[in-house]
Amino acid sequence: MADVSRGRARRVVVGLGEILWDLLPAGRQLGGAPANFAYHAHLLGAEAYVASCVGDDPLGREICSRIDALGLDRRFIQVCGTHPTGTVEVNLDAAGNPQYVIRGNVAWDFIEFTPELLQLAGRCDAVCFGTLCQRSEVSRRTIHEFLNATRPDCLRVLDINLRQSYFSREIIDQSLVAANVLKMNDQELPVVAKMLGITGSDPEVIAKLIDHYSLQMVAVTKAEEGSILCGVDRVSRHPGFKVEVAYTVGAGDAFTAALVTGMMMNFDLEKLNAAANRIASHVCTRAGATPEIPAELANELFRE
């Protein structure tokens, strides 16, 4: 793990939502955007936790072993005896972009809001959540109870991750009300705008989202074309870094982890955008959604 927290208290960061196995042509990989986010935040120096649920089955036990091997604390990964561990069939197109078939009625649909999660919420400096895990009433209720229990200064990051039909106007609206940072990709932006009835160019839509939901920031990733970060009164555009792409799954989650790390360190928008793109581009050059981030790279980007 990179020693980017030297000289300051480690921030408590939580990935709240799905944890699962991505079933890839080359074999299964640990997946779930919140879990990937927590892993990358851990590598960047945070005291990071995954808050989710697995089944009481071999795949669930294998996830727990994998979390241990990655150096993450799994005390907030619940075990469900009535529903199986989640799996997602992932097929990659010629450019390495993923298409997902997500199994329903699995353990992460039934995350319970426990006294332990309540305590974690009160300690939390940043939490990342999405719309996918809110497809079930149980986990949706838990996510919002957790968000409501965080401190006012906590970064509540909505990484939308629109998947299949597992989202609605109500879920997106309620999630934006609970969030203060929004991250999505350029394909999700027009979908969100249409569902919320927001018209205009992309910059106009982003400005309206910031104003209507009182957001601190909106981040829009554009794959190999970089990203746009929009604050209340500033905009940063980064062209991205040209790399030889091996695997894109997890790169967006690494971007979000770097974004959160930089925000907690009060980076200006240009530095923040460059650091998040650099981390995401590195992850794209490695196999799997949870590759190592070299300590020298993390320290270079996130040195105070």
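Residues numbered from 1 in each chain as written. Predicted model: local features only at pLDDT ≥ 70, side-chain atom pairs only at ≥ 80, totals over all residues. Heavy atoms only, no water.

Draft legend 1. Summary view of the side chain of S136. Following the sequence through the fold, S136 ends up in the loop between β8 (126-129) and α4 (137-148). Polar contacts involving the side chain of S136 include one to the main-chain carbonyl oxygen of D109, which spans 2.4 Å. At a separation of 3.3 Å, a polar atom in the side chain of S136 contacts the main-chain amide nitrogen of S139. (Helix = DSSP H or I, 4+ residues; strand = E, 2+ residues; numbered from the N terminus. Polar contact = N/O pair within 3.5 Å; in protein donor to acceptor, adjacent residues only side chain to side chain.)

Draft legend 2. Geometry of helix α6 (residues 188-196). Looking at α6, one finds that the buried residues are E188, L189, V192, A193 and L196. Projection of α6 onto a plane perpendicular to its axis shows the buried side chains occupying an angular sector of 135°, all on one side. Residues of α6 that are buried sit in contact with α5 (169-178), β10 (181-185) and α7 (202-213). Positive phi appears at G197, one or two residues downstream of α6, with a value of about 70°. (Buried < 20%, exposed > 50% of the residue type's maximum accessible area, 1.4 Å probe, protein only. Arc of directions from axis to C-beta. Contact = heavy atoms within 4.5 Å.)

Draft legend 3. Geometry of the packing of helix α1 (residues 33-43) against helix α8 (residues 251-264). Remark: α1 packs on α8, axes separated minimally by 8 Å, with the N-to-C direction vectors making an angle of 50°. One way to sum up the angle between α1 and α8 is to call them oblique. The interaxial crossing formed by α1 with α8 has right-handed handedness. Residues A33, N36, F37, H40 and A41 of α1 form the contact with α8, whose own contacting residues are D253, A254, T256, A257 and V260. For the contact of α1 with α8, a count of residues per class yields 6 nonpolar, 3 polar and 1 charged. (Axes fitted to C-alpha atoms, helices over the stretch in contact; angles between N-to-C directions. Parallel < 35°, antiparallel > 145°, perpendicular 65-115°, else oblique. Left-handed = near helix turned anticlockwise from the far one by under 90°. Nonpolar A, V, L, I, M, F, W, Y, C, P; charged D, E, K, R; others polar.)

Draft legend 4. Examining the pattern of salt bridges more closely. Evaluated as defined, the whole model comprises 11 salt bridges. One salt bridge in this structure joins R61 and D56, with 3.0 Å as the shortest N-O distance. One connected set of salt bridges, linked through shared partners, spans D125, R151 and D153. (Salt bridge = Lys/Arg side-chain N within 4 Å of Asp/Glu carboxyl O.)

Draft legend 5. Structural view of the side chain of H83. Mapped onto the elements, H83 comes out in the loop between β5 (77-80) and β6 (86-92). A distance of 3.0 Å separates the side chain of H83 from the side chain of T82, its partner in a polar contact. If near-sequence neighbours (up to four positions away) are discounted, H83 is found in contact with G55, N105, V106, A107 and F110.

Draft legend 6. A look at a nonpolar patch on the surface. Together, F241, V243 and V245 line one region of the surface with nonpolar side chains, adding up to about 220 Å² of accessible area. With respect to the secondary-structure elements, V245 resides in the loop between β13 (235-238) and α8. Take V245: its relative accessible area is 45%, and that puts it in the partly exposed class. (Patch = residues over 30% accessible without salt bridge, like charges linked within 9 Å, V, L, I, M, F, W, Y side chains within 5 Å. Areas by Shrake-Rupley, 256 points an atom, 1.4 Å probe, with all protein chains shown as cover.)

Draft legend 7. Region of the structure containing the environment of F267. Position of F267 relative to the elements: it lies in the loop between α8 and α9 (269-284). In this structure, the C-alpha to C-alpha distance between F267 and R61, residues 206 residues apart in sequence, is 39 Å. Ignoring anything within four residues of it in the chain, the contact list for F267 reads G262, L272, A275, L301 and F302.

Draft legend 8. Quick look at the pairing of strand β11 (residues 217-221). Across the 5 residues that make up β11, a large majority, 5, are buried. Along β11, one buried face is formed by M217, A219 and T221 and the opposite face, lined by V218 and V220, is buried too. For β11 and strand β12 (residues 227-231), the ladder comprises 5 bridges, and the chain directions are antiparallel. Its bridge partner being in β12, V218 is matched across the sheet by C230. Here β11 hands over to β12 after 5 residues, with A223 in that stretch at a positive phi of 55°. (Pairing = 2+ DSSP bridges.)

Draft legend 9. Geometry of the sheet that holds strand β2 (residues 20-24). Here we have 4 strands laid out as an open sheet, ordered β3-β2-β6-β7, and mixed in their pairing. With partners counted over all chains shown, the strands left at the sheet margins are β3 (27-31) and β7 (98-102), one partner each. Recorded for the sheet is a direction-independent mean angle of 30° between the axes of neighbouring strands. Bridging between β2 and β6 involves 4 bridges; their strand directions are parallel. Looking at the pairing, W21 lines up with T87 of β6.

Draft legend 10. Summary view of the sheet that holds strand β1 (residues 12-16). Pairing is mixed in the open sheet, where 9 strands are placed in the order β5-β4-β1-β8-β9-β10-β11-β12-β13. Sheet topology places β5 and β13 at the edges, where each strand pairs with a single neighbour. Looking at each pair of strands side by side, their axes are set apart by 15° on average, direction ignored. Direction of pairing for strand β4 (residues 47-55) relative to β5: parallel, over a ladder of 4 bridges. Each bridged residue has a counterpart across the sheet, and for V54 the counterpart in β5 is V79.

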